[in-house]
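Each chain is listed here by its residues.
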Amino acid sequence: MRINKYIAQAGVASRRKADELIAAGNVKVNGAVLREPGYNVEDGDVVEVNGRRIEAEEKKVYILLNKPLGYVTTVSDDKERLTVMDLVQDVDARIFPVGRLDYNTSGMLIMTNDGDFAYKLTHPKHELTKTYRARVAGVLSTEKVWKLRNGVDIGGFVTSKARVDVVKGLPKSTIVDITIHEGKNRQVRKMFKAVGNNVQELERIAIGDIRLGRLAEGHYRKLTREEVEYLKNC
Ligand code: URA
C-alpha cells in the first residue's frame, strides 16, 4: 500500500497531509527518513510519523470469486501452480480465500482480509450450507439418492442429512445438485463415490442463501453489505 494511503488508513492524517509530512521529513520507514513519496509499504515495515509508530487498519474487503478449474485455493503454491490470488491481483487489500475448493472444482469462493469473518465462516459449528452442481458418471438411482440424502460413510465419517435433487439424466451421466452441511475434505466426491457414481465435474453454486448466479468464470464481484451481514449472522 502506498505510504500516503497507509498513513491515512492509520487515522493519522489525510492523504494530502501525509504527503506534506513525508516532504517535511517527518515520516520514517524502518528507522530511516523516507525520501520517496511513492513508497509502497510492505509487510513487516515499521512506519513512524513524528516519532510515533503507526499501523494502518486495512479496510475490510469481501469478494465472491468464480474460481475456474486448474487453480489452487491457497495464497501461494510450492508447486508453482496458478492460485486464486492470480485472479484478484487488482484488489488493493491483503485478501485470502475462505475455506477451499479442490483444484478440479470450479465455482463460488469467498475471499476477504477479515480474519474474524473467515474464522467464523469456516468453523464447523456454523454449518453454513454449501450447494454444488455435480456431473456424475452413470445413472443415479432413487435408492442412491435416498442414501445420499440420509448419510453415507465416506471413510470413518457418516455425512449428515443432505439435500439432493437430480437435475437431468444424460446418456452416460447425471447432473445433480447437492447441498451439504459439513465441509470434509473432498466430501462431495467421496459421497458420490460411496454410492458408486464418480464425480466428473463439480461446481459450487451457492454458500448458504448466496448464489453464484451469472458471474463469469475467473471473475469476481464484491459481496453486498446485506450479503456480508447475512454471512456474519449465520
Ligand atoms: N467437495 C469436494 O469433493 N470438492 C470440493 O472442492 C468441494 C466439496
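Bear in mind the structure is a predicted one, so any value in this text is a computation, not a measurement.

Q: Break down the site of the ligand for me, with residues and values.
A: The ligand sits among Leu 101, Asp 102, Thr 105, Tyr 132, Arg 186, Gln 187, Val 188, Arg 189 and Leu 202. Between Thr 105 and the ligand, the recorded distance is 2.9 Å, taken from a side-chain N or O atom to an oxygen atom. Within the backbone of Gln 187, an N or O atom sits 3.5 Å from an oxygen atom of the ligand. Out of a free accessible area of 240 Å², the ligand has 95% covered by protein chains. Counting atoms within 2 Å of the grid points, the majority share of the ligand lands in the largest pocket. When residues of the shell around the ligand are assigned to their parent elements, the largest contribution, 3 residues, is made by helix H5 (residues 187-194). Within the shell around the ligand, the residues separate by chemical class into 4 nonpolar, 2 polar and 3 charged. Formed jointly, the shell around the ligand draws a minimum of three residues from each of two domains, domain 2 (62-125 + 213-232) and domain 3 (129-207).

Q: Explain the layout of surface pockets to me, using residue names and the numbers behind them.
A: By volume, the largest pocket amounts to about 690 Å³. Listed by contribution, the elements that provide at least two residues to the lining of the largest pocket are strand E7 (105-112), helix H3 (115-122), strand E8 (130-137), H5 and strand E11 (199-207). Taken together, domain 2 (62-125 + 213-232) and domain 3 (129-207) each give at least three residues to the lining of the largest pocket, which thus spans both. Estimated volume of the second largest pocket: approximately 410 Å³. Considering the residues around the second largest pocket, the lining is formed by 15 residues, among which Met 1, Val 41, Asp 43, Glu 58 and Arg 94 are closest to the centre. In this structure, the lining of the second largest pocket is formed jointly by two domains, domain 1 (3-54) and domain 2 (62-125 + 213-232), each of which donates at least three residues.

Q: With reference to specific residues and values, describe the side chain of Asn 4.
A: Within the secondary structure, Asn 4 is located in helix H1 (residues 3-9). Judged by its relative accessible area of 7%, Asn 4 is buried. Within the structure, the side chain of Asn 4 is placed 3.3 Å from the side chain of Asp 19, a separation counted as a polar contact. Excluding residues that lie within four positions of it along the chain, Asn 4 makes contacts with Arg 15, Ala 18 and Asp 19.

Q: Could you give an account of the pairing of E7, with specific residues and numbers?
A: Most of E7 is tucked away, with 8 of its 8 residues classed as buried. Where strand E5 (residues 62-67) and E7 come together, 6 bridges link them in antiparallel fashion. Its bridge partner lying in E7, Tyr 62 is registered against Thr 112. Both E7 and E11 contribute to a ladder of 3 bridges, which runs parallel. Within E11, the residue paired with Ser 106 across the bridge is Glu 203.

Q: So what's going on with helix H6 (residues 225-232)? Residues and values would help.
A: Among the residues of H6, those classed as buried are Glu 227, Val 228 and Leu 231. The buried residues of H6 occupy an angular sector of 100° when projected down its axis, which confines them to one face. In H6, those exposed residues whose orientation departs by more than 90 degrees from the buried face are Arg 225 and Glu 226. Buried residues belonging to H6 abut E5, E7, H3, strand E12 (210-211) and strand E13 (220-222).

Q: Tell me what's going on with the nonpolar core, and back it up with residues and numbers.
A: Membership of the largest hydrophobic core comes to 33 residues, with the highest contact counts inside it found for Val 88, Ile 95, Met 111, Leu 148, Ile 178, Met 191 and Phe 192. For this core, the secondary structure elements donating two or more residues are E5, E7, E8, helix H4 (142-150), strand E10 (173-180), H5 and E11. Both domains that furnish three or more residues to this core are identified here as domain 2 (62-125 + 213-232) and domain 3 (129-207). Once you skip the residues sitting within four places of it in the chain, Phe 192 turns out to touch Ala 134, Val 136, Leu 140, Leu 148, Val 176, Ile 178, Asn 197 and Val 199. Of all hydrophobic cores here, the second largest spans 16 residues; its members include Tyr 62, Ile 207, Leu 223 and Val 228.

Rules used in this analysis
Residues numbered from 1 in each chain as written. Predicted model: local features only at pLDDT ≥ 70, side-chain atom pairs only at ≥ 80, totals over all residues. Heavy atoms only, no water. Near = heavy atom within 4 Å. Polar contact = N/O pair within 3.5 Å; in protein donor to acceptor, adjacent residues only side chain to side chain. Areas by Shrake-Rupley, 256 points an atom, 1.4 Å probe, with all protein chains shown as cover. 1 Å grid on protein atoms, 1.4 Å probe; cavity = no way out; pocket = protein on both sides within 12 Å on 5 of 7 lines; lining within 4 Å. Sits in = over half its atoms within 2 Å of the grid points. Helix = DSSP H or I, 4+ residues; strand = E, 2+ residues; numbered from the N terminus. Nonpolar A, V, L, I, M, F, W, Y, C, P; charged D, E, K, R; others polar. Domains from an automatic or database assignment. Points joined across faces, edges and corners; volume = space filled by probe spheres on them. Buried < 20%, exposed > 50% of the residue type's maximum accessible area, 1.4 Å probe, protein only. Contact = heavy atoms within 4.5 Å. Pairing = 2+ DSSP bridges. Arc of directions from axis to C-beta. Core = buried A, V, L, I, M, F, W, Y, C linked by side-chain atoms within 4.5 Å.

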